[in-house]
Amino acid sequence: MIIALYPGSFDPITNGHLDIATRASKLFDKTVIGIFATPEKNLMFSLEERVVLAKKAVAHLPKIEVMPYTTITVDFAKEIKAQVLVRGLRMIGDFEWEFEMAMMNQMLSPGLETVCFMASQEYQFLSASLIKEVAGLGGDITDLVPSYVAEALKKKGIGKK
Ligand code: ADP
C-alpha cells in the first residue's frame, strides 16, 4: 500500500491544490493532504479553518484525507507511514525551491521519494497568496477556488461584496 503525503500551508485550498491532490489520488492508495500549522508566511486562516476548508473540498474523494501537522514534514510522513511526498510544479518559479526541498528531505529521510506533478495549464498562475490579493481587490475568483472558500474569504472581509 503506497501512502502519499501532499504537504503545504493551504491558506486557503485552491482548485490548483485540488487538481494535484486528485491526480495524485489516482496513482496512490491513499493521499493525505498535510496542513502545516506554522509555515513562515502571514496566514489568513487558522489551522482549524484551513483544515475544515480542505476537508470540504475532498469530502467526495474517498482516497484523500486531510490532516494537520506541527512537526517537520519528514517526521509527519514517517508518522503516517507515507513513502511519497507529492508536490506541484508551476511554470519556472517553483522548480528551484522544490528541488532544494526535495534534496533536503531526501537527506533527512532517505527512501522518502518526492513526486512532482506539473500544474495543469489552467492553474499555472494560481497561488493561494495571489487568490487572497485578487479577492481583496474585488476580482472574480469563482473559477479558481471552491465556492465555500470564496465565501470564507468574504467572511474575512475580502472578496466581491
Ligand atoms: P502556495 O501558497 O504556493 O499555494 P502551498 O504551500 O499551499 O503554497 O503549496 C503546496 C504545494 O502545492 C506546493 O508544491 C505548490 O507548488 C503546489 N501548488 C500550489 N498551487 C498550485 C497550483 N496552482 N498548481 C499546482 N501546484 C500548486
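This text follows the structure it describes.
Draft legend 1. Representation of the site of the ligand in the model. By nearness alone, 18 residues border the ligand, and Tyr6, Gly88, Arg90, Tyr123 and Leu126 come closest of all. For the ligand, an oxygen atom lies 3.0 Å from a polar atom in the side chain of histidine 17. In isolation the ligand offers 530 Å² of accessible surface; the protein chains occlude 92% of this area. Judged by the fraction of its atoms near the pocket grid, the ligand is located in the largest pocket.

Draft legend 2. Looking closely at helix H4 (residues 93-108). In a regular helix each residue adds 1.5 Å, so 16 residues correspond to 22 Å; H4 covers 24 Å between its end C-alpha atoms and thus fits that length. On its buried face, H4 is in contact with helix H3 (73-79), strand S4 (84-89) and strand S5 (113-118).

Draft legend 3. How the structure looks around the environment of phenylalanine 36. Tracing the backbone shows phenylalanine 36 in strand S2 (residues 30-36). The exposure class of phenylalanine 36 is partly exposed, given its relative accessible area of 21%. Separated by 20 residues in sequence, phenylalanine 36 and glycine 16 place their C-alpha atoms 18 Å apart. Setting aside residues no more than four positions away along its own chain, phenylalanine 36 makes contact with Gly8, Leu47, Arg50, Tyr69, Thr70 and Thr71.

Draft legend 4. Region of the structure containing the layout of surface pockets. Quantified by volume, the largest pocket comes out at close to 1,100 Å³. For the largest pocket, the lining is made up of 41 residues, of which Gly8, Ser9, Lys41, Arg87 and Trp97 are closest to its centre. Among the secondary structure elements, those contributing two or more residues to the lining of the largest pocket are strand S1 (3-8), helix H1 (15-25), S4, H4 and helix H5 (128-136). Here the lining of the largest pocket is built from residues that sort into 20 nonpolar, 12 polar and 9 charged.

What counts and how
Residues numbered from 1 in each chain as written. Predicted model: local features only at pLDDT ≥ 70, side-chain atom pairs only at ≥ 80, totals over all residues. Heavy atoms only, no water. Near = heavy atom within 4 Å. Polar contact = N/O pair within 3.5 Å; in protein donor to acceptor, adjacent residues only side chain to side chain. Areas by Shrake-Rupley, 256 points an atom, 1.4 Å probe, with all protein chains shown as cover. 1 Å grid on protein atoms, 1.4 Å probe; cavity = no way out; pocket = protein on both sides within 12 Å on 5 of 7 lines; lining within 4 Å. Sits in = over half its atoms within 2 Å of the grid points. Helix = DSSP H or I, 4+ residues; strand = E, 2+ residues; numbered from the N terminus. Expected span 1.5 Å × (residues − 1). Contact = heavy atoms within 4.5 Å. Buried < 20%, exposed > 50% of the residue type's maximum accessible area, 1.4 Å probe, protein only. Points joined across faces, edges and corners; volume = space filled by probe spheres on them. Nonpolar A, V, L, I, M, F, W, Y, C, P; charged D, E, K, R; others polar.

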